Amino acid sequence: MKTIIEPFRIKAVEPITLTTEEDRRGFLKKAHHNLFLLPSSQVLIDLLTDSGTGAMSSAQWAAIMTGDESYAGSPSFYRFEAAVKNLMPFKHVLPTHQGRAAEAMLMALYGGEGKMVPNNTHFDTTRANVEASGAIAQDFVIAAGLDPANEHPFKGNMDIDALKTFMAANHERVPLVMLTITNNAGGGQPVSLENIRAVAAVARAYAKPFYIDGCRFAENAWFIKLREPGQADRSIPDIVRDCFAETDGMTMSAKKDGLGNIGGWLALNDDAKAEQARAHLIRTEGFPTYGGLAGRDLDALAVGLEEVVDENYLAYRVRSNAYIVERLDALGVPVVKPAGGHAVFVDARAWLNHIDPMHYPGQALAVALYEAGGIRSCEIGTVMFGRQKDGTEQRAPMDLVRLAMPRRTYTQSHADYIVEVFEEITRRKASLKGLRIRKEPAMLRHFTCEFEPMTA
Ligand code: F0G
């Protein structure tokens, strides 16, 4: 059969409040045209993030009831640890309440003033943690990864030549090498096994530890199986194990491919660093057998890690994004291609080319998607990156809108609805106007700034 169905049926439902376009115009005004300021009850389809917003399975909810809340030595931790080590056989696994806590811990181990950390692309919290330690975060994704229309199969790959040149010049300042799979900031694009091994070889040549940010490791492994020569007949757990085999550790947000609503971890092999990390964990998150989590959360993750490597799940997961990308492409909407693992990225600057980048075409599109269809997406462009450290404002390299797909949460009819909302916007596109920022905080302005739509 050519239809890839959702490989589950629905046992519990969460009603969506239906609203009219007129309602939403009022809600937008109250939220100052910033979608982060909307109560989620006013959103029909929430594509703000795929992080922690997925649906847990009946087996995960059942595991919640087996959670043991002992402060030390909870069996929930041992089940969680075994599930992580089954896929990523690191010696030490330290749970955290989410990914950024693992990143903060990693930087407490390796960061510091004057150091430099290379990555394909640092996710924003990773970059913030590197920079907060005093180090410099450097991105070396391949050129194809910055070109929305380029159909390279592994657009998340590290540029190995650039990494080598960088290491030759700066290795004394580099405490570790990092790689993010999939590359979220570049559109959820995968990294090939060959590239992971090539990065590992460069790190090894300079005797530097190599860490993967593995948030979407299962989606990345699925792309390797589909696209990398020689990988088609291999199981997902085997591919995952290969991805981590040549690394020294990983950070993880289990709110993504842990299929949990909360959670994360830092895993590593180095005994001395692990001891240091445990001391940090006790000070910041909790005792090392629960990290910042309840025992029940650890149990839900133990089950989630088994479910996420299921091929039927991954086929459905990646296909639902690809379906939307194909339909939008056919409508003439410029989308990042090929489809990424967890999100659809629209090139708003190219599509709404009558709006000056300094008037935020990405935000204009995000607002239009909400107004026309109640869809909440996220601008990744000049609103997010435009304010410079010296206080001036510059256009970002791209003005994208991300529609991130929560896991196992929406169905085919929701996907068709999303496409229909884009059809409607295609009709009204010429009348869409840019925005002005009326009020903004000193940092991370996209979360709380207030906009005013332009009238001309
Ligand atoms: N690394 C990557 C690649 C991520 O995508 C995220 C989170 C993190 C680290 C941090 O994890 O949220 O558990 O602290 N990404 C979310 C998103 C927030 O919407 O893309 P966290």
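Residues numbered from 1 in each chain as written. Predicted model: local features only at pLDDT ≥ 70, side-chain atom pairs only at ≥ 80, totals over all residues. Heavy atoms only, no water.

Participant: Looking at this structure, how should I read the overall build of the chain?
Facilitator: Counting secondary structure elements, the chain contains 16 helices and 14 strands. Relative to the compact-globule value of 23 Å for 456 residues, the chain shows a C-alpha radius of gyration of 22 Å, a close match. In terms of its C-alpha atoms, the chain occupies a principal-axis envelope of roughly 60 × 55 × 45 Å. Here the chain holds 456 residues, and 56% of them are scored as buried. Of the contacts formed within the chain by residues at least 6 apart in sequence, a portion of 71% connects residues at least 24 apart. Summed over its atoms, the accessible surface of the chain is roughly 19100 Å², and 54% of this surface lies on carbon and sulfur atoms. Taken together, the 50 basic and 56 acidic charged side chains of the chain have centroids lying 2 Å from each other. (Helix = DSSP H or I, 4+ residues; strand = E, 2+ residues; numbered from the N terminus. Rg over C-alpha atoms; globule rule 2.2 N^0.38 Å. Buried < 20%, exposed > 50% of the residue type's maximum accessible area, 1.4 Å probe, protein only. Contact = heavy atoms within 4.5 Å. Areas by Shrake-Rupley, 256 points an atom, 1.4 Å probe, with all protein chains shown as cover. Lys, Arg positive; Asp, Glu negative; His and termini not counted. Charge placed at Lys NZ, Arg CZ, Asp CG, Glu CD.)

Participant: Sorry, what's going on with the site of the ligand here?
Facilitator: The environment of the ligand is made up of 17 residues, and the closest members are Thr49, Arg100, Asp213, Ser253 and Lys256. Within the side chain of Arg100, an N or O atom sits 2.6 Å from an oxygen atom of the ligand. When isolated, the ligand has an accessible area of 480 Å², and the protein chains bury 94% of it. Ranked by residue count, the leading element in the shell around the ligand is helix α4 (residues 99–110), at three residues. Looking at the shell around the ligand residue by residue, the classes come out as two nonpolar, eight polar and seven charged. (Near = heavy atom within 4 Å. Polar contact = N/O pair within 3.5 Å; in protein donor to acceptor, adjacent residues only side chain to side chain. Nonpolar A, V, L, I, M, F, W, Y, C, P; charged D, E, K, R; others polar.)

Participant: Sorry if this is basic, but what is going on with the packing of helix α8 (residues 217–227) against helix α9 (residues 236–245) here?
Facilitator: Two packed helices can be described by the angle between their axes and the distance between those axes. At a closest axis distance of 9 Å, the pairing of α8 and α9 adopts a crossing angle of 105°. The angle between α8 and α9 falls in the class roughly perpendicular. Contact residues: α8 offers Phe217, Ala221, Trp222, Ile224 and Lys225, while α9 offers Ile236, Ile239, Val240, Cys243 and Phe244. Among the residues forming the contact of α8 with α9, the class breakdown is nine nonpolar, no polar and one charged. (Axes fitted to C-alpha atoms, helices over the stretch in contact; angles between N-to-C directions. Parallel < 35°, antiparallel > 145°, perpendicular 65-115°, else oblique.)

Participant: Hey, could you run me through the packing of aromatic side chains in this one?
Facilitator: Centre-to-centre distance and the angle between the planes together describe a pair of aromatic rings. Per the stated rule, a full pass over the model turns up 13 aromatic pairs. Consider the rings of Phe140 and Phe166, whose centres lie 5.0 Å apart with planes at 45°: the pair is tilted. With Phe140 in the loop between β4 (136–139) and α6 (160–170) and Phe166 in helix α6, this residue pair connects regions lying 26 residues apart in the sequence. A relative accessible area of 13% means that Phe140 is categorised as buried. Look at Phe166 and you get buried, because its relative accessible area is 7%. A ring pair is formed by Trp351 and Phe422, whose centres lie 6.1 Å apart and whose planes are at 40°; its orientation type is tilted. One end of the pair, Trp351, is in helix α13 (residues 348–351); the other, Phe422, is in helix α16 (residues 412–428), and 71 residues separate them in sequence. By relative accessible area, Phe422 is classed as buried at 0%. Ring pairs connect the aromatic residues Phe77, Tyr78, Phe80 and Trp265, which therefore count as one cluster. The ring centre of Tyr110 lies 4.6 Å from the NZ or CZ of Lys273, which sits over that ring. (Phe/Tyr/Trp six-rings, centres within 6.5 Å; stacked < 30°, edge-to-face > 60°. Lys NZ or Arg CZ within 6 Å of the ring centre and 35° of its normal.)

Participant: Would you mind showing me how to read the sheet that holds strand β7 (residues 249–253) here?
Facilitator: Strand pairing within a sheet occurs via backbone hydrogen bonds; the two strands may be parallel or antiparallel. One open sheet holds the five strands; their spatial order is β2-β8-β7-β6-β5, and the pairing between them is mixed. At either margin of the open sheet sits one strand with a lone partner, and together these are β2 (92–96) and β5 (177–180). For this sheet, the mean inter-axis angle between neighbouring strands, taken without regard to orientation, is 15°. Taken together, the four bridges between β5 and strand β6 (residues 210–213) define a ladder with parallel strand orientation. If you follow Val177 over to β6, its bridge partner there is Phe210. (Pairing = 2+ DSSP bridges.)

Participant: What's the story with the environment of Phe140 in this structure? I'm lost.
Facilitator: Sequence separation between Phe140 and Leu293 is 153 residues, and the spatial gap between their C-alpha atoms is 34 Å. The residues contacting Phe140, other than those within four sequence positions of it, are Pro118, Asn119, Asn120, Asn157, Met158, Asp159, Ala162 and Phe166.

Participant: How should I be thinking about the packing of α8 against helix α12 (residues 311–331) in this particular structure?
Facilitator: Running from N to C, α8 and α12 point in directions that differ by 90°, and their axes come no closer than 10 Å. By the criterion of interaxial angle, the relationship of α8 to α12 is roughly perpendicular. Only Glu311, Leu314, Ala315, Arg317 and Val318 of α12 make contact with α8, whose side of the interface consists of Ala218, Glu219, Trp222, Phe223 and Lys225. Partitioning the contact of α8 with α12 into residue classes produces six nonpolar, no polar and four charged.

Participant: Looking at this structure, how should I read helix α14 (residues 361–373)?
Facilitator: At 3.6 residues per turn, the α-helix brings residues three or four places apart onto the same side. Given a rise of 1.5 Å per residue, 13 residues ought to cover 18 Å, and the 18 Å separating the end C-alpha atoms of α14 matches this to within 8%. Most of α14 sits inside the fold, with twelve of its 13 residues counted as buried. One or two positions beyond α14, positive phi appears at Gly374, with a value near 75°. (Expected span 1.5 Å × (residues − 1).)

Participant: Just checking my understanding: could you explain the nonpolar core for this structure?
Facilitator: Note that soluble globular proteins tend to have their nonpolar side chains buried in a common cluster. Among the nonpolar cores identified, the biggest contains 58 residues, and Met88, Leu179, Phe210, Phe217, Phe244 and Trp265 are the most heavily contacted of them. If near-sequence neighbours (up to four positions away) are discounted, Phe210 is found in contact with Val177, Met178, Leu179, Ile196, Val199, Ala200, Ala203, Glu246, Thr247, Asp248 and Gly249. Counting 40 residues, the second largest nonpolar core, distinct from the first, contains Val344, Val401, Met405 and Phe451. (Core = buried A, V, L, I, M, F, W, Y, C linked by side-chain atoms within 4.5 Å.)

Participant: Which parts of the structure should I look at to understand α6?
Facilitator: Among all positions in α6, only Ile160, Leu163, Phe166, Met167 and Asn170 are buried. The arc that holds the buried residues of α6, viewed along the axis, is 125°, so those residues lie on one side. Residues of α6 that are exposed and angled more than 90 degrees away from the buried face: Asp161, Thr165 and Ala169. Packed against the buried residues of α6 are β3 (116–119), β4, β5 and α7 (193–205). Its side-chain oxygen 3.2 Å from the backbone nitrogen of Asp161, Asp159 forms the N-cap of α6. (Arc of directions from axis to C-beta.)

Participant: How should I be thinking about a nonpolar patch on the surface in this particular structure?
Facilitator: A surface patch of nonpolar side chains, amounting to about 350 Å² of accessible area, comprises Met443, Leu444 and Phe447. Turning to its location among the elements, Phe447 is positioned in the loop between β13 (435–439) and β14 (450–453). Given the relative accessible area of 39%, Phe447 is considered partly exposed. (Patch = residues over 30% accessible without salt bridge, like charges linked within 9 Å, V, L, I, M, F, W, Y side chains within 5 Å. Salt bridge = Lys/Arg side-chain N within 4 Å of Asp/Glu carboxyl O.)

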